[in-house]
Amino acid sequence: MKKKHILVINSATSVLQVGITANEADLAVKENTDRFRHAEFIFPLIDGLCREAGLPRPVIEAIIVSIGPGSFTGLRVGLASAKGLALSLGIPLVGVSLFESIASRLFQAFGKTRVYIPSRRNEYYTALIDSSDFDNRTITVVTGKNPAPLLANTKHLAIDCTPGPEMIGNLDFLDSRDFSLGLDDFLRAGIRKLDCAGGDDIAVLEPLYIQQFPAHIKK
């Protein structure tokens, strides 16, 4: 069944974005650009969107949330909020990675493209997008001094960061004016997942941790 009103959340990057659709289209978006205040702003942004659209929270029929990789704290804030709403409203929730969200549009526009997303200082999550489908298991972590192997006829895209100068000099990076991540990317990828398999198992859905940070390492 088509979902008219879908909530979309991306808290993995420095800009928190939330959006609500009407008839799986007309995505209205609100943002917070202070990366250290995602927890403070996420529900006010959601409620503001609902008020402006004249929609009470209970009319939301599904939630799409970014699972990263990205900001450790931001991901936990977004996913915890999405899970709480999905459980309270009894609606499906689906998680979409940043790489999954852009794979189809990016590959169709530029062909093979290696994508970089910031991790820790001078480290980047990276993967090669070489088709319209994407496997999250191919994501790795590289440093500026040890970037991924160069491939012929491959573009490079940095999301939410400027890679170190030692990388810029050797790689052909797309300009942000040519391609940038948008909340509508998560919407399209999330709808495909909802249509194919319905929602994820809320109990086991978690952020996409490619490497373990000290607070997340299990003893």
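Everything below is about the structure shown above.
Treat the numbers as computed from the prediction; the structure is a model and nothing was measured.

Attention now moves to the overall build of the protein chain. Looking only at helices and strands, the protein chain has 5 helices and 9 strands in total. Going from the N terminus to the C terminus, the protein chain shows its helices and strands as β-β-β-α-β-α-β-α-β-β-β-β-α-α. Computed over its C-alpha atoms, the radius of gyration of the protein chain comes to 17 Å, within 12% of the 17 Å expected for a compact globule of 219 residues. Each principal axis of the C-alpha atoms in the protein chain carries an extent, and together these give about 50 × 40 × 30 Å. For the protein chain, restricting intrachain contacts to residue pairs at least 6 apart in sequence, the fraction spanning at least 24 positions comes to 64%. Averaging the coordinates of the 24 positive side-chain charges in the protein chain and doing the same for the 24 negative ones gives two points 4 Å apart.

Okay, the sheet that holds strand β6 (residues 113-118) next. Judged by pairing direction, the sheet is mixed, and its 4 strands sit side by side in the order β8-β7-β6-β9 without closing on themselves. At either end of the open sheet lies a strand with only one pairing partner, and these are β8 (140-143) and β9 (155-158). Between one strand and the next, the sheet's axes are offset by a mean angle of 35°, whatever the strand orientation. Across the sheet, helix α3 (residues 98-110) lies against β6, β7 (123-129) and β9, angled at about 50° from β7, the strand it touches most.

A separate point is the sheet that holds strand β1 (residues 6-10). As summarised here, the arrangement of the 5 strands in space is β3-β2-β1-β4-β5, forming an open sheet in which the pairing is mixed. Every other strand in the sheet has two partners, leaving β3 (25-32) and β5 (93-96) as the edge strands with one partner each. Across the sheet, the mean angle from the axis of one strand to that of its neighbour is 20°, orientation sign disregarded. Against the sheet, α3 contacts β1, β4 (62-66) and β5, and its axis sits at roughly 75° relative to β5.

Looking now at the side chain of E100. With respect to the element layout, E100 can be found in helix α3. A polar atom in the side chain of E100 sits 2.8 Å from the backbone nitrogen of S97. There is a polar contact of 3.4 Å between the side chain of E100 and the side chain of N136. Apart from residues no more than four positions distant in its own chain, E100 is found in contact with G95, F134, N136, A189, R192 and K193.

In terms of nonpolar packing, the biggest core is built from 56 residues, with I9, I63, I64, I102 and V115 touching the most fellow members. Apart from residues no more than four positions distant in its own chain, I102 is found in contact with V115, I129, L157, I159, F179, L181 and D185. Among the nonpolar cores identified, the runner-up in size contains 6 residues, and Y124, V142, L171 and F173 belong to it.

Cut-off values and rules
- Residues numbered from 1 in each chain as written.
- Predicted model: local features only at pLDDT ≥ 70, side-chain atom pairs only at ≥ 80, totals over all residues.
- Heavy atoms only, no water.
- Helix = DSSP H or I, 4+ residues; strand = E, 2+ residues; numbered from the N terminus.
- Rg over C-alpha atoms; globule rule 2.2 N^0.38 Å.
- Contact = heavy atoms within 4.5 Å.
- Lys, Arg positive; Asp, Glu negative; His and termini not counted.
- Charge placed at Lys NZ, Arg CZ, Asp CG, Glu CD.
- Pairing = 2+ DSSP bridges.
- Axes fitted to C-alpha atoms, helices over the stretch in contact; angles between N-to-C directions.
- Polar contact = N/O pair within 3.5 Å; in protein donor to acceptor, adjacent residues only side chain to side chain.
- Core = buried A, V, L, I, M, F, W, Y, C linked by side-chain atoms within 4.5 Å.
- Buried < 20%, exposed > 50% of the residue type's maximum accessible area, 1.4 Å probe, protein only.

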